[in-house]
Amino acid sequence: MVGKKQPEDRLNKTLLFFANLLNKNNVKNWFIGYGTLLGIIRNNNCIDGDDDVDIVIDQANYDILNKLLKENNIPLIGGGLGNYIKKKNRKRKGIIKTAETDDYVSVDFYMAAIDEEGNFSDLWEKVVWTNCYDTNGKLFERPWKDTILYIPANPEQKLRNRYGEDWGIRIEGKHQIRAPRI
């Protein structure tokens, strides 16, 4: 967490808006991740004091997501220029980061490459979210505040892998532990 601390209700409002936006526009293969997943699994709300909302999304949705953000007047950090990282003189789309507005906190959309086993490889953080699908090849649906949130399979294990054995206990001031595979 590096941005401005946000109140839980503002984070929840932002998550609700963007989940509805994705769902209403039939955007597939996205789920809440990182601190947002931690908050929803741990206390059924975003974490009070977090700085943004985190969504991991199939890189195939990059263009439609940019279009939806533009149509809804959602500003991007750097006007969209911050959405690229360079690797070997080649641009790769790794993240879309929205700017904070009067209504919503910032959202990090982490672009992911998905393989046939349901592993989501986050192109920005370089984290591999392993075996995210259920036995039917779908993400898990979690009803939340009049919308559906998508979560990866075995979220508790993924959170344990990411944040350690005490992931279920809020510890003030504790930094996130970055693990390469969750």
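Definitions and limits used
- Note on numbering: residues in each chain are counted from 1, in written sequence order.
- Where local features are concerned, this predicted model is filtered to residues with pLDDT of at least 70; where side-chain atom pairs are given and counted, the filter is 80 or more; whole-chain, interface and lining totals use all residues.
- As a rule here, side-chain values cover all heavy atoms of the structure and leave hydrogens and water aside.
- Between buried and exposed lies partly exposed: a residue is buried under 20% and exposed over 50% of the maximum accessible area for its type, with that area taken using a 1.4 Å probe on protein chains only.
- Comment: elements are numbered from the N terminus, with helices defined as DSSP H or I runs of at least four residues and strands as E runs of at least two.
- Angles here are taken between N-to-C directions and fall from 0 to 180 degrees, while the axes themselves are lines fitted to C-alpha atoms, restricted in helices to the stretch in contact.
- We call two directions roughly parallel when the angle between them is under 35 degrees, roughly antiparallel when it is over 145, roughly perpendicular when it lies between 65 and 115, and oblique otherwise.
- By the definition used in this description, the sense in which the near helix is turned from the far one sets the handedness, with an anticlockwise turn below a right angle giving left-handed and a clockwise turn giving right-handed.
- Here a residue-residue contact requires only that any non-hydrogen atoms of the pair lie within 4.5 Å.
- Two strands pair if DSSP finds at least two bridges between them.

S.K.: Honestly, helix H2 (residues 34-43) in this entry has me stumped. Any pointers?
M.R.: Structurally, the α-helix is built with 3.6 residues per turn, so residues lying three or four positions apart point the same way. With eight of its 10 residues buried, H2 lies for the most part within the structure. Asn 44 lies just past H2 and shows a positive phi near 60 degrees.

S.K.: Teacher, can you tell me more about the packing of H2 against helix H4 (residues 155-163) here?
M.R.: Packed helices, taken two at a time, are described by the angle their axes make and the gap between the axes. It is the contact of H2 with H4, at a shortest axis distance of 11 Å, that shows an interaxial angle of 125 degrees. Between H2 and H4, the angle falls in the class oblique. Considering only the axes of H2 and H4, their crossing is left-handed. Between H2 and H4, the residues in contact are Tyr 34, Gly 35, Leu 37, Leu 38 and Ile 41 and Pro 155, Glu 156, Leu 159, Arg 162 and Tyr 163, respectively.

S.K.: How do you make sense of the pairing of strand E6 (residues 106-114) when you look at a structure like this?
M.R.: Looking along a regular strand, one sees the side chains alternate between the two faces of the sheet. With respect to burial, E6 is a largely interior element, seven of its nine residues being buried. Relative to E6, strand E2 (residues 52-58) runs parallel, the two being bridged by seven bridges. Paired with Ile 57 across the two strands is Met 111, which belongs to E6. Bridge count for strand E5 (residues 95-97) against E6 is three bridges, and the pairing is antiparallel. Each residue of the ladder has a partner; that of Ile 96, found in E6, is Phe 109. Sheet analysis places E6 next to strand E7 (residues 120-122), joined by three bridges and oriented antiparallel.

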